[in-house]
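Geometric and topological summary
So you can see what is in the structure, the chains are spelled out below.
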Amino acid sequence: MLSPAFSEGVDKIAALHQFYCMTNLAKPAFSSAATAISASDAIESWIQKRISQLRIDAAQSQDCTCELCPESGEYLIEYRGQTMRCSPEKAYAALCFVLEIAAIKRGSLPLR
């Protein structure tokens, strides 16, 4: 089990991200007379693309691993020898968190 502080941080980031997406993509992101993509579809597509890139970044930096579980649609993230099963939103938040912490430790990302 991951530390309570890590899990709490991921939950907070996921909630903030979800709020941001809801407030900034409340209207259809793409629309035409024939086709309209709902905001939730646009958010889901965006999250999937971001997770794909973050998974590559995490694998290259060897900070964590992230695999998609095809049966459930959840992601399995292994970090510091512990595994977390989470939704796409939480996977996005966890990957961002892990990669930013790693960047700070390497000195390539200033503390804000």
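Reading the values: the criteria
- Residues numbered from 1 in each chain as written.
- Predicted model: local features only at pLDDT ≥ 70, side-chain atom pairs only at ≥ 80, totals over all residues.
- Heavy atoms only, no water.
- Helix = DSSP H or I, 4+ residues; strand = E, 2+ residues; numbered from the N terminus.
- Pairing = 2+ DSSP bridges.
- Core = buried A, V, L, I, M, F, W, Y, C linked by side-chain atoms within 4.5 Å.
- Buried < 20%, exposed > 50% of the residue type's maximum accessible area, 1.4 Å probe, protein only.
- Contact = heavy atoms within 4.5 Å.
- Salt bridge = Lys/Arg side-chain N within 4 Å of Asp/Glu carboxyl O.

**Things to note about the environment of Thr 83**
- Within the secondary structure layout, Thr 83 lies in strand β5 (residues 82–86).
- Separated by 18 residues in sequence, Thr 83 and Thr 65 place their C-alpha atoms 9.2 Å apart.

**Some words on the pairing of strand β3 (residues 65–68)**
- Pairing of β3 with strand β4 (residues 75–79), which is carried by 4 bridges, proceeds in the antiparallel orientation. Bridge pairing in β4 places Leu 68 opposite Tyr 75.

**Thoughts on the nonpolar core**
- Counting 23 residues, the largest nonpolar core has Phe 6, Ile 51, Cys 64, Ile 77 and Leu 95 as the members making the most contacts within it.
- Mapped onto this core, the elements with two or more residues apiece are α1 (4–24), α2 (39–61), β4, β5 and α3 (88–106).
- In this view, Phe 6 contacts Tyr 79, Met 84, Ala 94, Phe 97 and Val 98; residues no more than four positions away in its chain are not counted.

**Considering the pattern of salt bridges**
- This structure, assessed with the given rule, holds 3 salt bridges.
- A salt bridge links Asp 63 to Arg 106; its shortest N-O distance comes to 3.6 Å. Of this pair, Asp 63 sits in the loop between α2 and β3 while Arg 106 sits in helix α3, and the two are 43 residues apart along the sequence.
- Given the relative accessible area of 22%, Asp 63 is considered partly exposed.
- We note a salt bridge from Glu 74 to Arg 85, for which the minimum N-O separation is 3.4 Å.

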